[in-house]
Amino acid sequence: MKIKVALAQFNIQFADPDKNQQRVAELTSIAAKAGADVIVFPEMWNIGYALNQLDRLADDGGRTTTKLFYRLARQYQISIVGGSVAVKEGGHFYNRTLIVDPLGQVVGKYDKVHLFRLMNEHRYLTAGNQENYFRSVGVPSASFICYDLRFPEWIRTVARHGSAVLYFPAEWPAVRIPQWTTMLKARAIENQAFVVAVNRVGDDPDNHYNGHSLAIDPLGNVIADAGENDGITYAELDLTQLATVRGAIPVFVDRRPDLYK
Ligand SMILES: O=C(O)CCC(=O)C(=O)O
């Protein structure tokens, strides 16, 4: 089985949810016309890192995003790995991913578990504490957000449920892109899974972002690299590769969790 994934790397407009929603709608229509099964967006795409304006801008209960994804998924018959958006709920703010199937139903939800101090997330946001594994186009999958990538123990905790694809929406600054590439390859190899990671391009008041959204196979080979393009890059994931890779070196069977603290 093969799935076609659209990596929707774009220039998020700072503190402008309306413009960003329009862009997300436009990109979804383009991906659907190209026959993509799944579209993936970057982290915090509704407002960028306008954390000091969360009170005014965060999506209340995630309702606007849920409605938008419901409409787009149904209209274009596509699965959505919704990057992440700033959400306000119960007096707290979250960096939240919504996963939506082609019927418009939310089949996964994830609040970023590791908050990124360097960009002040810990001052403004509340951390999540739940795993997010789900089925997208019938494929067992899991999702994380950006800085989570630096915590292999968390990725493994979730991936050991058998995920074939690991999604990483991100806003990963250009200055640390070599680390992004290396760690994404490592997560693919060690978990014997496909990795689909979507970053943004452009600038915000504090950082420059140079994209390099990547799709990586379970051996760590790059299948697609979006470079610095503003727009969609496609990757075809051949899921039959998984059985071969996992059969040859069965790391999930050979683990020694009794020794791991
Ligand atoms: O870990 C990094 O270098 C980048 C993380 C990040 O930008 C984020 O989590 O928003």
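Residues numbered from 1 in each chain as written. Predicted model: local features only at pLDDT ≥ 70, side-chain atom pairs only at ≥ 80, totals over all residues. Heavy atoms only, no water.

S.K.: Tell me about the UniProt feature "domain: CN hydrolase" (unreviewed entry) in the protein chain, and please be specific about residues and values.
M.R.: When the UniProt feature table is mapped onto this chain numbering, "domain: CN hydrolase" (unreviewed entry) sits at residues 3-239. Taken end to end, residues 3-239 has its terminal C-alpha atoms 8 Å apart, with 26% of it in helix and 32% in strand. (UniProt positions renumbered as here; feature names shortened; annotations may be inferred. Helix = DSSP H or I, 4+ residues; strand = E, 2+ residues; numbered from the N terminus.)

S.K.: Can you explain the sheet that holds strand β10 (residues 165-169)? Please cite residues and give values.
M.R.: The strand order across the open sheet formed by six strands is β8-β9-β10-β11-β14-β15, and the pairing between neighbours is mixed. At either margin of the open sheet sits one strand with a lone partner, and together these are β8 (133-136) and β15 (222-225). Ignoring which end each strand starts from, the neighbouring axes of this sheet average 20 degrees apart. The sheet contact formed by β10 and strand β11 (residues 194-198) spans five bridges and is parallel. (Pairing = 2+ DSSP bridges. Axes fitted to C-alpha atoms, helices over the stretch in contact; angles between N-to-C directions.)

S.K.: For the packing of helix α5 (residues 152-159) against helix α6 (residues 177-191), give the residues involved together with the corresponding values.
M.R.: Orientation of α5 relative to α6, taken along the N-to-C sense of each, is 40 degrees, at an axis distance of 11 Å. With respect to each other, α5 and α6 are oriented oblique. Note on packing geometry: the crossing formed by α5 with α6 is right-handed. Contact with α5, carried on its side by Pro152, Ile155, Arg156 and Ala159, involves Arg187, Glu190 and Asn191 of α6 and no other residues of that element. For the contact of α5 with α6, the residue count by class is three nonpolar, one polar and three charged. (Parallel < 35°, antiparallel > 145°, perpendicular 65-115°, else oblique. Left-handed = near helix turned anticlockwise from the far one by under 90°. Contact = heavy atoms within 4.5 Å. Nonpolar A, V, L, I, M, F, W, Y, C, P; charged D, E, K, R; others polar.)

S.K.: Give a description of the packing of aromatic side chains that names residues and reports values.
M.R.: Aromatic rings considered in pairs are described by the distance between their centres and by the relative angle of their planes. The final tally for this structure, using the stated rule, is nine aromatic pairs. Geometrically, the ring pair formed by Phe41 and Trp45 is tilted, given 6.3 Å between the ring centres and 50 degrees between the ring planes. Considered together, Phe41 and Trp45 belong to a single accessibility category, that of buried residues. Measuring from centroid to centroid gives 5.1 Å for Tyr147 and Phe151, while their planes differ by 90 degrees, and the two rings are edge-to-face. Ring pairs connect the aromatic residues Phe41, Trp45 and Phe69, which therefore count as one cluster. The side chain of Arg96 reaches across the aromatic face of Tyr94, ending 5.1 Å from its centre. (Phe/Tyr/Trp six-rings, centres within 6.5 Å; stacked < 30°, edge-to-face > 60°. Buried < 20%, exposed > 50% of the residue type's maximum accessible area, 1.4 Å probe, protein only. Lys NZ or Arg CZ within 6 Å of the ring centre and 35° of its normal.)

S.K.: Give a detailed account of the pairing of β10, specifying residues and quantitative values.
M.R.: β10 sits mainly inside the fold: five of its five residues count as buried. Residues Val165, Tyr167 and Pro169 of β10 are buried on one face, and the alternating residues Leu166 and Phe168, pointing to the opposite face, are buried as well. Two elements, strand β9 (residues 139-143) and β10, share three bridges in a ladder whose sense is parallel. Bridge pairing links Ser143 to Tyr167 in β10. With α5 bridging β9 and the parallel β10, this β-α-β connection has right-handed handedness. As a crossover connection, the stretch from β10 through α6 into β11 is right-handed. (Right-handed = clockwise from strand over helix to strand, strands pointing away.)

S.K.: I'd love a proper account of unusual backbone geometry, names of residues and values included.
M.R.: One non-glycine residue, Gln77, adopts positive backbone phi at about 50 degrees. Take Gln77: it is sitting in the loop between α3 (63-76) and β4 (79-81).

S.K.: Report on the pattern of salt bridges, specifying residues and quantitative values.
M.R.: Across all of its chains, the model carries 12 salt bridges by this definition. Glu43 is paired through a salt bridge with Lys112; the nearest N and O atoms lie 2.8 Å apart. Residue Glu43 is located in the loop between β2 (38-40) and α2 (54-57), and its partner Lys112 is located in the loop between β7 (106-111) and α4 (121-124); the two are separated by 69 residues in the primary sequence. The same class applies to Glu43 as to Lys112, namely buried. As a salt-bridge pair, Asp55 and Lys88 come within 4.0 Å of each other at their nearest N and O atoms. Taken together, the residues Asp55 in helix α2 and Lys88 in strand β5 (residues 85-89) connect sequence positions 33 residues apart. In the salt-bridge network here, residues are joined through shared partners; they are Arg23, Glu26 and Asp230. (Salt bridge = Lys/Arg side-chain N within 4 Å of Asp/Glu carboxyl O.)

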